Every structure is written in C-alpha cells, then in structure tokens.
Amino acid sequence: MDSRQKQILEYRSYPRGYYHLCTDGWHGGKLFNTQEQFALGMTTIALLTLKFGVQIISFELMPNHIHIILAGNGSDCLECFRFIMARIRKRLKADGCPLPPEDYWFKLVPIEDKKSLKKHIVYLARNKYEKGDCTPVGHIWGTGYLVYNQLSKYICGVKVKDCSKHKVHSITESLIELPADWEIHPDLGVLPKNFARTDKILELFPSVKAYMTAMIKDYEAYVKLSESLGESITWDIAEVRQIVSDKVMAEYRQTRIQNLTPDQKGRIAVLVFNEYGIDIGLIADALYLPEHIVNQFVNSKDYGKRKK
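These numbers come from a predicted model, not from an experiment. (Residues numbered from 1 in each chain as written. Predicted model: local features only at pLDDT ≥ 70, side-chain atom pairs only at ≥ 80, totals over all residues. Heavy atoms only, no water.)

*Asks:* Quick question: what am I supposed to make of the packing of aromatic side chains here?
*Replies:* Ring pairs (aromatic) are described by centroid distance and by the angle formed between their planes. The tally for this structure, following the rule as stated, stands at 14 aromatic pairs. Considering the side-chain rings of tyrosine 11 and tyrosine 14, the 5.7 Å spacing of their centres and the 50° angle between planes classify their relative orientation as tilted. Here tyrosine 11 falls in the buried class, since its relative accessible area comes to 3%. Looking at tyrosine 14, the relative accessible area reads 15%, which means it is buried. Each member of the aromatic cluster is reached from another via a ring pair, and the members are Tyr11, Tyr14, Tyr19, Phe81, Trp105 and Phe106. The ring of phenylalanine 205 carries the charged tip of lysine 118 above its face, separated from the ring centre by 5.2 Å. (Phe/Tyr/Trp six-rings, centres within 6.5 Å; stacked < 30°, edge-to-face > 60°. Buried < 20%, exposed > 50% of the residue type's maximum accessible area, 1.4 Å probe, protein only. Lys NZ or Arg CZ within 6 Å of the ring centre and 35° of its normal.)

Printed below as a string of structure tokens:
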C-alpha cells in the first residue's frame, strides 16, 4: 500500500464534522483560465450540496487551486474532490487547455472547534487579498463577498423555475436537478447565496468589527494555517510594521521602535523571523536597521535560530 492509498484510507475514516479541503497548488498550470471556467467551478461547488449532501460554509476559487470549508464526513470530502476534478478536467480538455497532472491531489484538514473554524474562514476570505488582487470582500469567485457587503444582495440571477430544464442542464453541464428558487447568473454561474451557509459565518462573527479585526490582526493564525496547507504568504511592509510594533509592545511595553537598544531590536528581529518566517529585508525595513545587521542577528548563536 503506497502513501496515497494510506491517505485515502485515513480520509475515509474521518467522522462527520467541519473540514478545510484545499487542492494542491498547480505550479505552471491553471484550473480556471477563463470566466466561463470559473463560472463552471462555481456551479460545481453548488452541485456538491445536492449530490453529496455536504454543507458549504465558505469557498474560494483561485486560478490554480481551490479552498472549501465544508461539513460532512471524510468519504464525502473525498468524493467531492473527485467530482470537482472530473468536471474541471472535462472542461479544460474541451477548451483545449493543459490538464492537471494525474497525481494532482488535495489536503483535508479537520477543523476541531469554533475557534479553529473562525480562523479557517478568515484564511479563505484573505486568500485572494493576499495575492494583492482585491479586498477580502471583493473576490467574485467564492463566498467572501457575501459577508458584511451591502452590495452582495444586488448580485442576482434568473431563478431556476423561470428557465427550461434544457437550459439549466446546459448551463450546469449536469442532469442534477437544482432547487426551483436557486438563481443562475449569466456570467457567474450558480450564485453561492443559494447554498453557502453564510449564516454560520455571521454566528461566529456577530459584527462587522469582529470580522474585520480578525481579518487584519490575527497574523499568527494565518501563518500557522498556511504552513499546514503548504502555502506561502506574501507580506506587505505595512503588515510587517504592524507585527513588529505589536511584538515591541508585548516584549518591552514600548511603542517607539527608535527607543530600543540594538540588542532589543535584535531580539525583536529574531522573534518575528522565527514566528512568521518574514523576509529579512522586510524585517530590516520595519526595524530601521541595515539588512546585513538583521541577518547577523537571525543567524547569531546568541540571538538566532541556532540558539538551543
């Protein structure tokens, strides 16, 4: 039995609960190359709720990978992945686009409690924002725009009951029957407001301030989740300065970095580097130090990562 077969057995053993399904990042290729392919992806996520009975809490379609938080058991999640990839492969082949490698796979991360669920929800909402493309409520290929966004209610489509069965089957590329009151947008596919359990997110974040504070402040949780999913983070200098400032306050009850001694700055540099893995150049900018000095601190036996 190889490692993939063992992982399949492990996933199948997972009981019903909340899970973060994250497909591999496809380096050098895209799952979604066009708006039409993205729209089919949106429709595919909708069909998961009907075909497998899972609940979709939130999801985001990225060009080369997919994030979904869903409620179901491990077998459900495994079948959801296979269904998604079969439909994506079929459309990519029809459009003459490169296909994902045969061993293209996914990670399934159990979400143990409400605190963890909140962190995963924020992680998904930040995903496109992290790429520098839009705000956390500005990505149309997912559910992030549904939360505390007054404009979301104006994104509407044609109800299924007002379309012919032939047209619905043609749009969805499936014979699965959609609920009569679901809406299909001409450009965006089956709208996530039809099936995503946004109410669960609002229960966890009962105010816009609670939601946005978690979105912009909990860097440590974001780093830990990205590591568990095998993803990397692109840091902005403003974020690094906030992290450094928070660390200075926690360690020295001090708000002005300029008042720190060189040794204190070195300690902060090492703490930030070890906890967040931030580029040394960015840490140097945030601490107003030359990059080579920060590099010396990080690699020092007394300060840095080699210290026992």
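*Asks:* Sorry if this is basic, but what is going on with the pairing of strand β3 (residues 65–72) here?
*Replies:* Consecutive side chains of a regular strand alternate in pointing toward one face of the sheet and then the other. Most of β3 sits inside the fold, with 8 of its 8 residues counted as buried. Residues of β3 alternate between two faces, with His65, His67, Ile69 and Ala71 on one and Ile66, Ile68, Leu70 and Gly72 on the opposite face, all of them buried. Relative to β3, strand β1 (residues 17–23) runs antiparallel, the two being bridged by 6 bridges. Bridge assignment links glycine 17 to a residue of β3, and that residue is glycine 72. Inspection of the sheet shows strand β2 (residues 55–62) paired to β3 by 7 bridges, in the antiparallel sense. Of the residues in β3, the one forming a bridge with phenylalanine 59 is isoleucine 68. In sequence, β2 turns back onto β3 through a hairpin of 2 residues. (Helix = DSSP H or I, 4+ residues; strand = E, 2+ residues; numbered from the N terminus. Pairing = 2+ DSSP bridges.)

*Asks:* Sorry if this is basic, but what is going on with the layout of surface pockets here?
*Replies:* Here the idea is plain: a probe the size of a water molecule rolls over the atoms and shows the empty space left. One number sums up the size of the largest pocket: a volume of about 410 Å³. Lining the largest pocket are 23 residues, and of these Gly25, Asn64, His65, Lys131 and Glu231 lie nearest its centre. Elements with a minimum of two residues in the lining of the largest pocket: β1 and α4 (114–130). Take the lining of the largest pocket: its biggest share by element is 4 residues, from α4. Residues that form the lining of the largest pocket fall into these classes: 7 nonpolar, 9 polar and 7 charged. (1 Å grid on protein atoms, 1.4 Å probe; cavity = no way out; pocket = protein on both sides within 12 Å on 5 of 7 lines; lining within 4 Å. Points joined across faces, edges and corners; volume = space filled by probe spheres on them. Nonpolar A, V, L, I, M, F, W, Y, C, P; charged D, E, K, R; others polar.)

*Asks:* Got a minute to help me understand the sheet that holds β3 in this structure?
*Replies:* Spatially, β2-β3-β1-β4 is the arrangement adopted by the 4 strands of the open sheet, whose pairing is antiparallel. Edge positions in the sheet fall to β2 and β4 (106–111), since each has one partner strand and no second. Each neighbouring strand pair of the sheet contributes to a mean axis angle of 15°, computed without reference to strand direction. (Axes fitted to C-alpha atoms, helices over the stretch in contact; angles between N-to-C directions.)

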